[in-house]
Amino acid sequence: MQAREYSAAAPVTPEVSEPIKIDIWSDIACPWCYIGKRKFETGAAAFAAKNGADAPDVVIEYHSYELSPDTPVDFEGSAIDFLSGHKGVPTTQAAEMVDRVTGIAKDAGLDYDYDALQHTNTVKAHQLLHYAKAQGKQAEAKERLLKAYFVEGKHVGRIEDLADLGAEIGLDRDEIVRALETDEYLDQVRADQALAQEYGIQGVPFFVIDGKYGVSGAQEAETFANVLDQVWTEREGARS
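Residues numbered from 1 in each chain as written. Predicted model: local features only at pLDDT ≥ 70, side-chain atom pairs only at ≥ 80, totals over all residues. Heavy atoms only, no water.

(A) Summary view of the overall build of the protein chain. A tally of regular secondary structure across the protein chain gives nine helices and five strands. Secondary structure elements of the protein chain occur, N-terminal to C-terminal, as β-β-α-β-α-α-α-α-α-α-α-β-β-α. Taken over C-alpha atoms, the radius of gyration comes to 18 Å for the protein chain, in line with the 18 Å a tight globule of 240 residues would show. When its C-alpha atoms are laid out on the principal axes, the protein chain stretches across 60 × 40 × 30 Å. For the protein chain, buried positions account for 48% of its 240 residues. In the protein chain, the share of contacts with a sequence separation of at least 24, taken over all contacts with a separation of at least 6, comes to 74%. Carbon together with sulfur atoms contributes 48% to the accessible area of the protein chain, which is approximately 11,600 Å² in total. Within the protein chain, one finds 23 positive and 42 negative side-chain charges whose respective centroids are separated by 2 Å. (Helix = DSSP H or I, 4+ residues; strand = E, 2+ residues; numbered from the N terminus. Rg over C-alpha atoms; globule rule 2.2 N^0.38 Å. Buried < 20%, exposed > 50% of the residue type's maximum accessible area, 1.4 Å probe, protein only. Contact = heavy atoms within 4.5 Å. Areas by Shrake-Rupley, 256 points an atom, 1.4 Å probe, with all protein chains shown as cover. Lys, Arg positive; Asp, Glu negative; His and termini not counted. Charge placed at Lys NZ, Arg CZ, Asp CG, Glu CD.)

Rendered as structure tokens:
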């Protein structure tokens, strides 16, 4: 799938050294978001390797998107129960969906464990990501939460569990508890969701690259590398 042009304000001609900004809308409870993250990382690494020291840095900011905001914090049941009972997917189809995404994740180097996975509401996890961003650790928090949810079977909906995960990456546990109990970052979560609606984002992952191009879904690494190449080529052309 080719990147499609993204409607945005007229760009200012950047300096060559200016990083390429990547805004990513995703959810913790989104299997394709973790797969897409890995594929983007592979594509960005290929872009950097191809272009060497002259290539600009790639800077990522994650934005909140809830696929199932009505999910209870403590959902009782398996992944198949969730898809069939909560989403209305036939049981056989739900099992096939789980098997398929597990296989694709495996190809991306991710060992999903749907037997251990604990479905939950992710709004508090998104608030933790905003808290982590304020501390300069959003990337670490995003990876930790996704791995905890899909690989390790940990709970990512309860404040105490989230505080433990945040502490593992060097965040202040007591401050996490305080921030989540007071919903300090809930407005930022809602602002991300409102912006997604304004942009017409209807599914995740969704990547906005340099404020100009949108890539929807967990595309192949080559697609991401090509879009980064295109952005850099356009920058070079604007300066010549």
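Read on, since the account is not over.
(B) How the structure looks around helix α4 (residues 123–134). In a regular helix each residue adds 1.5 Å, so 12 residues correspond to 16 Å; α4 covers 17 Å between its end C-alpha atoms and thus fits that length. With respect to burial, α4 is a largely interior element, 10 of its 12 residues being buried. Looking at the buried positions of α4, the neighbouring elements they touch are β2 (20–26), β3 (58–64), α5 (138–150), α6 (159–168), α7 (173–181) and α8 (186–199). G136, located one to two residues past α4, shows a positive phi value of around 75°. (Expected span 1.5 Å × (residues − 1).)

(C) Quick look at the nonpolar core. I28, Y112, Y114, L145, F150 and V156 are the most contacted members of the largest nonpolar core, which has 40 residues in total. Going through the elements one at a time, α1 (31–51), α2 (79–86), α3 (91–107), α4, α5, α6 and α7 are the ones with two or more residues in this core. Among the elements that take part in this core, α5 stands out by supplying six residues, more than any other. Grouped together as the second largest cluster of nonpolar side chains are 17 residues, A44, A55, V227 and L228 included. (Core = buried A, V, L, I, M, F, W, Y, C linked by side-chain atoms within 4.5 Å.)

(D) Region of interest: the pattern of salt bridges. Following the criterion strictly, the structure yields 24 salt bridges and no others. Here K37 makes a salt bridge to E143, at a shortest N to O gap of 2.6 Å. Separated by 106 residues along the polypeptide, K37 in helix α1 and E143 in helix α5 bring together distant segments of the chain. For K37, a relative accessible area of 8% translates into the label buried. When the shortest N-O distance is used, the salt bridge between D164 and R173 registers 2.8 Å. Judged by relative accessible area, R173 falls into the partly exposed class, the value being 27%. A cluster of three or more residues bridged by salt bridges with shared partners is formed by K21, D23, E61 and K133. (Salt bridge = Lys/Arg side-chain N within 4 Å of Asp/Glu carboxyl O.)

(E) Fine view of unusual backbone geometry. The omega torsion of the bond from V204 to P205 falls at 5°, within 30 degrees of zero and hence cis. Topologically, P205 is positioned in the loop between α8 and β4 (206–209). Residue D210 is not a glycine yet carries a positive backbone phi of 60°. Along the chain, D210 turns up in the loop between β4 and β5 (213–216).

(F) Summary view of the packing of α2 against α3. Close contact between α2 and α3 brings their axes to 9 Å; oriented N to C, the two are set at 135°. Taken together, the axes of α2 and α3 lie oblique to each other. Seen from above, α2 lies across α3 with right-handed handedness. The residues of α3 that touch α2, namely those facing A79, I80, L83 and S84, are T91, A94, A95 and V98. Here the residues of the contact of α2 with α3 are counted per class, giving six nonpolar, two polar and no charged. (Axes fitted to C-alpha atoms, helices over the stretch in contact; angles between N-to-C directions. Parallel < 35°, antiparallel > 145°, perpendicular 65-115°, else oblique. Left-handed = near helix turned anticlockwise from the far one by under 90°. Nonpolar A, V, L, I, M, F, W, Y, C, P; charged D, E, K, R; others polar.)

(G) Highlighting α5. Its 13 residues place the ends of α5 18 Å apart at the C-alpha level, agreeing with the 18 Å of an ideal helix rising 1.5 Å per residue. The element α5 is largely enclosed, with a buried count of 10 among its 13 residues. All of the buried residues in α5 are Q138, A141, K142, E143, R144, L145, L146, A148, Y149 and F150. Looking at the buried side of α5, the elements it contacts are β2, α1, β3, α4 and α6.

(H) Just the pairing of β4, in detail. In β4, alternate side chains face the same way, and those of F206 and V208 on one face and F207 and I209 on the other are all buried. Bridge count for β2 against β4 is four bridges, and the pairing is antiparallel. Its bridge partner lying in β4, I24 is registered against F207. Relative to β5, β4 runs antiparallel, the two being bridged by four bridges. (Pairing = 2+ DSSP bridges.)

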